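Fold and geometry: a report
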Amino acid sequence: FFTYMYKLLNLLLGTAVMSSFSQEGHITIGGVFFLHGETGGKQNQFTAEPANMHCQGVNFRAFRLAQTMIFTIEEINNRTDILPGVTLGYKIYDTCASVTFSVRSAMALMNGYEEMWTDTSCSRSAAVKAIIGESGSTNTIAIVTSVGPFHIPVISHLATCACLSDRKKYSNFFRTIPSDYYQSRALAQLVKHFGWTWVGAVRSDSDYGNSGMATFVEAANQEGICIEYSVKFHRTEPEKVLKVVEVIKRGTAKVVVAFVALLEMNSLLEQLTVQNITGLQLIGTEAWITASSLVRPSSYRILGGSIGFAVTGAKISGLNEFLLKLHVSNNTDNAFLKDFWEAAFQCSVTKETSSNYKTPCTGSESLTELKNQYTDESEIRITNNVYKAVYAVAYSLHSQLECMPQKGCAKNLQTEPWQVLDALKKVNFTLRTGERVFFDGNGDPAAKYEVVNWQLGPNGAVEFKAVGYYDATLPPGQQFVMSPVDMAWAGGQKQVSPTSVCSESCPSGTRKAVRRGKPVCCYDCVPCAEGEISNKTDSNDCIPCDLEYWSNEKRDRCVLKTVEFLSFEEVMGIVLVIFSLFGTCLTVLVAVVFLAHKNTPIVRANNSELSFLLLFSLTLCFLCSLTFIGRPSQWSCMLRHTAFGVTFVLCISCVLGKTIVVLMAFRATLPGSNVMKWFGPPQQRLSVLAFTLIQVLICVLWLTLSPPFPNKNMKYYKDKVILECDVGSAVGFWAVLGYIGLLSLMCFVLAFLARKLPDNFNEAKFITFSMLIFCAVWITFIPAYVSSPGKFTVAVEIFAILASSYGLLFFIFTPKCYIILLKPEFNSKKNLMSKMPNKSITSVKFGAVELNDSPSDTSSPVQ
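Residues numbered from 1 in each chain as written. Predicted model: local features only at pLDDT ≥ 70, side-chain atom pairs only at ≥ 80, totals over all residues. Heavy atoms only, no water.

1. As for the sheet that holds strand β27 (residues 562-564)
Picture the strands of a sheet paired through backbone hydrogen bonds; they go either parallel or antiparallel. Heads up, the rule is: We call two strands paired when DSSP finds no fewer than two bridges between them. Strands are runs of DSSP state E lasting at least 2 residues, helices are runs of H or I lasting at least 4, and numbering of each runs from the N terminus. The axes used here are C-alpha line fits, helices contributing only the stretch in contact, and every angle between their N-to-C directions lies in the interval 0 to 180 degrees.
Overall, mixed pairing links the 3 strands, which are arranged β27-β29-β28 in an open sheet. The strands lining the two open edges of the sheet, one partner per strand, are β27 and β28 (709-713). Within the sheet, the average angular offset between the axes of one strand and its neighbour, ignoring direction, is 25°. In this structure, β28 lies alongside strand β29 (residues 720-726), joined through 5 bridges in antiparallel fashion. Looking across to β29, one finds that N711 is bridged to E724.

2. Things to note about the packing of aromatic side chains
This is how the line gets drawn: Ring pairs are drawn from Phe, Tyr and Trp, using the six-membered ring of Trp, whenever the two centres fall within 6.5 Å, and their geometry is named by plane angle: stacked under 30 degrees, edge-to-face over 60, tilted for the rest. A ring is considered to have a charge above it if a Lys NZ or an Arg CZ atom is located within 6 Å of its centre and within 35 degrees of its normal.
A complete count under the given rule lists 29 aromatic pairs for this structure. Three or more aromatic residues joined by ring pairs form one cluster here, namely F21, F60, F63, F340 and Y374. Over the aromatic face of F174 sits the side chain of R167, whose NZ or CZ is 5.1 Å from the ring centroid. When the ring centre of Y181 is taken as origin, the NZ or CZ atom of R185, which lies over that ring, is 4.0 Å away.

3. Side note on the state of the cysteines
Selection criterion: When the sulfur atoms of two cysteines come within 2.5 Å, that pair is taken as a disulfide. A simple rule labels every residue: compare its accessible area, found with a 1.4 Å probe on the protein chains alone, to the largest value its type can have, and call it buried under 20%, exposed over 50%, or partly exposed in between.
A full pass over the atoms with the stated rule returns 9 disulfides. The residue that forms a disulfide with C506 is C525, at a sulfur-sulfur distance of 2.0 Å. Disulfide C506 to C525: torsion about the S-S bond roughly -95°, handedness left-handed. Residue C506 is found in the loop between β20 (480-482) and β21 (510-514), and its partner C525 is found in strand β22 (residues 523-527); the two are separated by 19 residues along the sequence. For C506, a relative accessible area of 0% corresponds to the buried category. The class for C525 is partly exposed, based on a relative accessible area of 34%.

Below is the structure:
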């Protein structure tokens with residue numbers, strides 16, 4: 001009956017799995033490693049009962065890890081300060097890197113094997129109190145999920161998937177290797193550090209690769225790094241490996257981030273070597289960057305110069321001696337040890353024909369002569385993680401059992417896994433190596449990495465040289481540091497680091513313009529617009545300069561705008577000054593001539609008092625134009641407009657007075673008319689004063705209410721600052737000009753009415769011409785003034801002042817100076833009155849004092 005039941009259970013449940021290595025103890029710890037790299041057998045077609053799968057390909061690295069676990073347990077058992085009087089046992093299972101085998105191993109560790117046929121109690125405790133493993137994230141997830149409902153803690157030494165930090169799903173998971181959450185971000189910072197913005201991405205099609213790459217892509221986007229392609233494959237899919245290699249060949253990125261597990265990296269390296277794809281700068285993860293199994297004679301052409309992150313390690317005293325003393329003769333019944341020995345020494349331990357090796361082992365083989373990952377002393381990084389994991393379980397048991405050194409433990413050894421789980425959350429201790437071990441709220445350790453670089457040592461052997469570090473416990477900005485050491489680059493070359501960008505850097509003075517339909521790293525360099533700059537490379541935007549600044553020709557610096565005003569040093573200013581001074585001198589010369597000949601008839605007949613006052617005002621008009629030249633200031637702005645307005649009104653007032661005198665004198669036709677007594681010299685002076693005072697009053701109101709002021713005009717020119725005098729009140733400015741125009745118009749009309757009076761005694765024609773020129777100049781001035789830019793506005797105003805002043809000077813005084821200097825024979829009373837009609841003469845005689853040769857006679861209204 002029992003034989004029948006046993007066969008039935010085997011048929012329904014399958015044959016129970018045996019542990020690879022085991023040892024009894026008070027408390028048993030489970031271990032899960034893929035001691036073989038793959039499972040044999042064909043893929044299931046679901047047409048027949050599947051055959052049993054067999055493990056193939058010995059994994060020397062995993063054997064080292066399994067032996068490290070055994071060494072650590074024996075070390076703890078030999079200590080008296082940890083778990084005194086308590087021995088730890090172990091059961092280590094091989095998963096063959098298969099999820100199926102991982103789940104089967106987890107079930108075996110929960111239920112036990114020997115106990116399952118003798119224990120009839122359904123309340124039996126789990127066979128192990130904690131599990132060390134597994135190496136791959138996907139396999140670890142399968143184990144954690146399987147044993148999670150039983151609250152059995154799982155401590156992984158190599159499962160780095162950030163997804164395992166989710167305490168809601170994996171509350172029983174811990175690890176002694178940092179989460180890929182940190183490594184992925186560290187990889188992004190590493191890529192950015194070397195200026196690589198255009199990279200390819202290759203990952204394992206597993207939880208490890210997919211989760212890690214997703215985090216890397218997110219961090220890369222934040223750092224401004226673009227991914228040209230992102231491809232994945234699994235070691236069981238050779239056709240996908242070929243497709244991945246084809247994508248790498250077609251890509252333009254010179255840097256490839258390989259977020260792949262060790263077994264996938266072996267497959268990828270094989271194809272890269274076969275197709276001779278070199279010159280790529282590979283960026284690696286902790287899974288393969290320090291794997292000595294990848295170091296082959298032909299691999300350095302591909303992997304030489306690779307950079308990546310490796311977990312920190314520590315040399316464990318006595319471990320290497322323990323590993324090397326292992327010998328198959330000590331345990332000939334262990335099939336796993338036999339496979340390891342045969343694969344290591346390429347010989348057959350037994351005489352069975354099923355062995356893959358024909359040469360029999362001599363028994364004198366020694367591991368001290370072996371050169372592989374098992375004996376490689378540089379393989380201390382992951383080894384140290386296993387060491388820490390076992391000690392974490394031991395310290396949690398020590399705390400939970402309330403053990404005291406040399407005294408033993410206070411509690412019963414029949415502890416439950418959930419109690420160990422609670423104790424692990426609080427564990428905090430320091431190893432003999434000086435390393436502190438603890439777990440955060442997510443079951444993760446402190447994230448610390450070394451940056452390693454594949455280089456050739458002095459003896460020509462490949463070395464994993466530390467060239468920097470990453471410590472997530474440090475403040476931001478100090479976490480990633482590269483050491484100032486020589487590095488090897490793609491293919492082991494020693495030249496400068498390779499360039500991997502979609503577009504070359506945009507120099508200062510330009511900005512990046514993203515190409516349509518392309519990633520942000522693919523862009524064109526567009527020069528900054530006028531008035532904008534970029535003072536750094538790869539600027540996304542151009543910065544506008546401040547109002548008083550403008551961009552230089554290279555568009556990389558803001559410089560002060562060119563200040564424009566009509567200065568005394570420039571040609572236009574010099575020319576205007578010359579014309580102004582020439583007019584002044586000419587006016588003074590005319591005054592001197594008139595003064596020298598003041599008693600001559602022509603001077604006396606043309607009202608010498610108003611003539612001298614007119615010459616004085618013209619002198620001021622010529623000089624006031626100088627106030628418009630030079631840098632504007634508060635005083636010069638107020639002076640130039642008011643001086644110009646008052647002097648011109650004084651000038652026009654004198655001309656208007658002369659015109660009225662002529663008109664009144666020659667229009668008094670009736671004998672005995674006394675009209676001239678109402679416009680004698682006192683009235684003439686009073687009229688000039690009155691007309692001028694009105695302009696003075698306008699200017700005072702203007703200066704009081706809203707005076708002119710210096711202004712920096714930045715609207716007309718983009719690259720220049722026009723220094724000008726703002727008129728302040730436009731009403732005041734145009735009132736000044738309007739008043740001048742009104743007097744000029746009155747003067748022109750009156751002079752026009754008197755134009756046909758006797759020639760020898762009449763200057764109305766000349767006044768008419770001068771006023772015509774005056775009005776024409778100022779009518780033309782208005783549109784020219786409004787439309788002229790910058791300093792030309794001032795030049796137009798000065799030109800109008802000079803032109804109108806020269807017009808008055810030439811038309812009124814040139815004929816008289818001509819007679820005085822060149823035709824003195826005409827400068828006589830007889831000549832002046834020779835052509836006058838009797839009626840006019842009579843009018844003058846009766847209307848005013850008769851013109852005579854006496855120099856004292858200055859009261860004549862027609863003088």
